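Spelled out from the first residue to the last, the chains are:
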Amino acid sequence: MESKLKNTPQHAPMDQFPNDNGILQLGGIPVTMLAERAGQTPFYAYDRQQITRRVQELRNTLPESIQIHYALKANPMPAVVQHMRGLVDGFDVASGGELRTALDSGMPATQISMAGPGKTDAELRQAIATGATLNLESANEMRRAQSIAEEMGVTARVAIRVNPDFVVKSSGMKMGGGAKPFGIDADQVPALLKDVGTTTLELTGLHIYWGSQSLNSQAIMEAHNKTFELALRLSEAGPCELQTLNIGGGLGIPYFPGETRLDLSPIAENLEQLVRGFKQKHPTTQIVMELGRYLVGEAGVYICKVIDIKESAGEKFIIVDGGLHHHLAASGNFGQVIRKNYPVAIATKMRATDTERASVAGPLCTPLDLLADKMELAKAEIGDLVAIFQSGAYGASASPERFLGHPTAVEMLV
Ligand SMILES: *Cc1c(COP(=O)(O)O)cnc(C)c1O
């Protein structure tokens, strides 16, 4: 419900969800009924059909031989992970807790990998005992994994997480290139690979993660070119054939005004060629892409209720019962440099033509608790529901829910 002023950057249309008589619907259920089902506001609702469709579309577009892994970090809700279990080829976890959630879903441990720069001995033991693959982030971690495997009398499956020797521009979050706490610098990898071929460590492959949240097809294609180039170079130094090559993820979704959805087709065409070239030398290597927000982000909304409406110095404020304690990212405090608005709408007035400029503020006693800053919204009334779109990833689990002692948000997969 953005203003249609010329030259004002607009949010991408949130047309993944229909409305019935102006009431936003998820999974065919109006949000007013979802609020009854939740038993409260605020709540998160994730649309399982949307998730299914997103994975299917991705599979239809990408080269057939590429496996898709889901990174639980984006949304670790057990029901979502369980749903994903039937859709993707594997899971990537980044803690011992996520590993347990992943295993609870029934995903075979051989299809689970664990990354993270500060794995404790307890976490290494969990992964090694279950047979999950450890993405090693340092030479030290490799030695620790080795001695644990020796002590347990088992073989640890390990991959090397490579800190690539290239930087991807226009990646929302750069997670490779230059000095980084993640992975092992590409130039240190060949020496390390020579040591891996021991009896207690089984080297399964390489994990090359260059960044997150990119909406630039060109930049992603360049990242893929460099990733395959690096993988070809490093694989020469390895003691054995790579079972897997994890080429990272990085596909973004549009959050802010002016951002548009990614066009996957050039990315897929480029990958088709890269995979063909790589497979000529390494026909048995399984290529994996690991994605979080791209699979679940657009399928979720955060819904809260209008508690009060007021005016201050000529500005309209809509006060709601939800805020940054449930949705840090929408408040602009999860890694944003300049605060920008998520797509927000009055979920019970989706067809209203009567709009006004208003800000949506949460219940917390801090000016940071702002869910929309001077947006053009339908004229709201007390009791209306407010929807924050693009909230299926990095929502509930990435927010400081204990801050100020308000109730937690309910999460539902519908
Ligand atoms: C954060 C992260 C992901 C998921 O990133 P998205 O932007 O949600 O796709 C995947 N893999 C690793 C190693 C990560 O750190």
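Residues numbered from 1 in each chain as written. Predicted model: local features only at pLDDT ≥ 70, side-chain atom pairs only at ≥ 80, totals over all residues. Heavy atoms only, no water.

### Section: the overall build of the chain
Part 1: Counting secondary structure elements, the chain contains 10 helices and 22 strands.
Part 2: For 414 residues, the compact-globule estimate of 2.2 N^0.38 gives 22 Å, and the C-alpha radius of gyration of the chain, at 23 Å, lies within 12% of that figure.
Part 3: In terms of overall dimensions, the chain has a C-alpha envelope of 70 × 45 × 35 Å along the principal axes.
Part 4: Burial statistics for the chain: of 414 residues in total, 55% are counted as buried. (Helix = DSSP H or I, 4+ residues; strand = E, 2+ residues; numbered from the N terminus. Rg over C-alpha atoms; globule rule 2.2 N^0.38 Å. Buried < 20%, exposed > 50% of the residue type's maximum accessible area, 1.4 Å probe, protein only.)

### Observations regarding helix 1 (residues 31-38)
Part 1: Looking at helix 1, one finds that the buried residues are Val31, Leu34, Ala35 and Ala38. Around the axis of helix 1, the buried residues are gathered within 105° of arc, so they sit on the same side.
Part 2: Each element contacted by the buried residues of helix 1 is listed here: strand 2 (23-26), strand 3 (29-30), strand 4 (43-46), strand 16 (300-312), strand 21 (385-388) and strand 22 (410-413).
Part 3: Looking one or two residues beyond helix 1, the residue adopting positive phi is Gly39, at roughly 80°. (Arc of directions from axis to C-beta. Contact = heavy atoms within 4.5 Å.)

### A few points about the nonpolar core
Part 1: Of all hydrophobic cores here, the largest spans 105 residues; its most connected members are Tyr70, Met84, Val88, Phe91, Ile160, Leu251 and Leu295.
Part 2: Ranked by the residues each element gives to this core, the list is headed by helix 8 (residues 217-235), at eight residues.
Part 3: In contact with Tyr70, not counting residues within four places along its chain, are Asn75, Val80, Met84, Val88, Gly90, Phe91, Asp92, Leu291, Gly292, Leu295 and Val296. (Core = buried A, V, L, I, M, F, W, Y, C linked by side-chain atoms within 4.5 Å.)

### Some thoughts on the side chain of Ser331
Part 1: Within the secondary structure, Ser331 is located in the loop between strand 17 (315-320) and strand 18 (344-346).
Part 2: The exposure class of Ser331 is buried, given its relative accessible area of 2%.
Part 3: Not counting residues up to four positions away in its chain, the partners in contact with Ser331 are Leu324, Arg339, Leu368, Leu370 and Leu371.

### Structural notes on the packing of helix 5 (residues 121-130) against helix 6 (residues 139-152)
Part 1: Interhelical geometry of helix 5 versus helix 6 gives an angle of 55° and a closest axis separation of 10 Å. Here helix 5 lies oblique to helix 6, going by the angle between them. Between helix 5 and helix 6 the crossing geometry is right-handed. Between helix 5 and helix 6, the contacting residues are Asp121, Leu124, Arg125, Ile128 and Ala129 on the first element and Glu141, Arg144, Ala145, Ile148, Ala149, Glu151 and Met152 on the second. (Axes fitted to C-alpha atoms, helices over the stretch in contact; angles between N-to-C directions. Parallel < 35°, antiparallel > 145°, perpendicular 65-115°, else oblique. Left-handed = near helix turned anticlockwise from the far one by under 90°.)

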